[in-house]
Amino acid sequence: MATPVKVLILQLASIGDVVLTSPVVRCLKQQLPNVAIHFCTRPDYQSIVAYNPHITELHYLDGSLYALIRELRAQRFDYVIDLQNTFVTDLIKMALGVRSYSVEKQTVRQWLYRCWKVNALSEQHIVDRYLAAVQPLGIENDGRGLDYFIPYKDEVEVNWLPDTHQNDFVAYAIGGQHVTRRLPLLRMIELCLKINYPIVLLGDKQDRKVGDEIVRAIGNGQIYNACGHYNLNQSASLLQRARVVFSHDTGLMHIAAAFGKKIYSIWGSTTPQFGFYPYKTSHVRLENSSLGCRPCSATSLDSCPMKHFKCMNNLPFDFDVKELQTKKNF
């Protein structure tokens, strides 16, 4: 039996970034003969990759970079695919000393856009840039979008939800890694009233308090606050069941894209031009495109540098959700 070609993929950044690597994993597995794909990430993102049938083995950066490098060197990889391209992943590549391919970063172009508002970005999606990194191996984009695999134990049953949300609902991912990626509370309430449909709020334990405030403000059983009640895969299961999805610029937005959901994506300090918009799925961008101060960051901040936060405070809700005009049967 031929020795497998061992490929290591590096992506340590965030939930969304790890989800966005899934087309690379799938295309490598299906297009590179006799390949064994190893994936290196952080332990927090284990549930995203643990059930991917295309991955042979997982490795985690859990504290000690030296220990991780020693573990990886023992594998004797043929290729390293660096889909993050940072100082840490550069150290890993140098220590392994094998042929590597890295995603092209747009650092200078992003700086020009962020600081001088000179937009030299192509708006090429980050997934397409990931796939460009493996083109030298003969890998092509299969056009099938993102993958997300939910184990049976994490599939949410309909009867786990309130009676008001068992037949149909809209999912709204209210979280966000930074303040400037999230609507303020009053605007979240306004958005939910605008949607005017049974809504399941999704997020982690840190979003629970905000979700409770939305429930108290709207009442009438229309809002179910699921934040902190479900793990990531269970939240993904709820996204899969939703009629449509509203989301800030977060990892859950990309998970929803993996299920082909219609997404209403909400943009504050960041912009879709950085290439992280919903991939290969129908989506509507909700953003205040008239501001001269956007984007103020490529990754978001904890406060508005201009102190007015107009990107979210003045964001227009001039959308019409046609998908809610007919009833869906599960």
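Structure: see above.
Attention in this report is confined to the structure presented alongside it. (Residues numbered from 1 in each chain as written. Predicted model: local features only at pLDDT ≥ 70, side-chain atom pairs only at ≥ 80, totals over all residues. Heavy atoms only, no water.)

### Describing the sheet that holds strand E7 (residues 199-202)
Through backbone hydrogen bonds, the strands of a sheet pair up, either in parallel or in antiparallel fashion. Note the following rule: Note on pairing: DSSP must find at least two bridges between two strands before they are called paired. Helix numbers and strand numbers start at the N terminus; a helix is a DSSP run of H or I with at least 4 residues, a strand a run of E with at least 2. The axes are straight lines fitted to the C-alpha atoms, using for helices just the contacting stretch, and the angles between their N-to-C directions are given from 0 to 180°. Here, two residues are considered to be in contact whenever any of their heavy atoms come within 4.5 Å of each other.
Read across the sheet, six strands follow the order E8-E7-E6-E9-E10-E11 without closing on themselves; strand pairing throughout is parallel. In this open sheet, the two edge strands, each paired with only one partner strand, are strand E8 (223-225) and strand E11 (283-286). Between one strand axis and the next, the sheet turns through 20° on average, direction left out of account. Here helix H9 (residues 208-218) sits on the sheet in contact with E7 and E8, set at roughly 160° to E8.

### Some remarks on the pattern of salt bridges
The line we're drawing: Salt bridge, as used here, is a side-chain nitrogen of Lys or Arg placed within 4 Å of a carboxyl oxygen of Asp or Glu. The rule is simple: take the accessible area with a 1.4 Å probe, protein chains only, and divide by the maximum for that residue type; under 20% is buried, over 50% is exposed, in between is partly exposed.
A complete count under the given rule lists 13 salt bridges for this structure. Of the charged contacts in the structure, one is a salt bridge between Asp142 and Arg144, with a shortest N-O distance of 3.9 Å. A relative accessible area of 28% means that Asp142 is categorised as partly exposed. One salt bridge in this structure joins Arg216 and Glu213, with 2.8 Å as the shortest N-O distance. Taken together, the residues span about one helical turn, with Arg216 and Glu213 both in helix H9 at a distance of three residues. What makes Arg216 exposed here is its relative accessible area of 58%.

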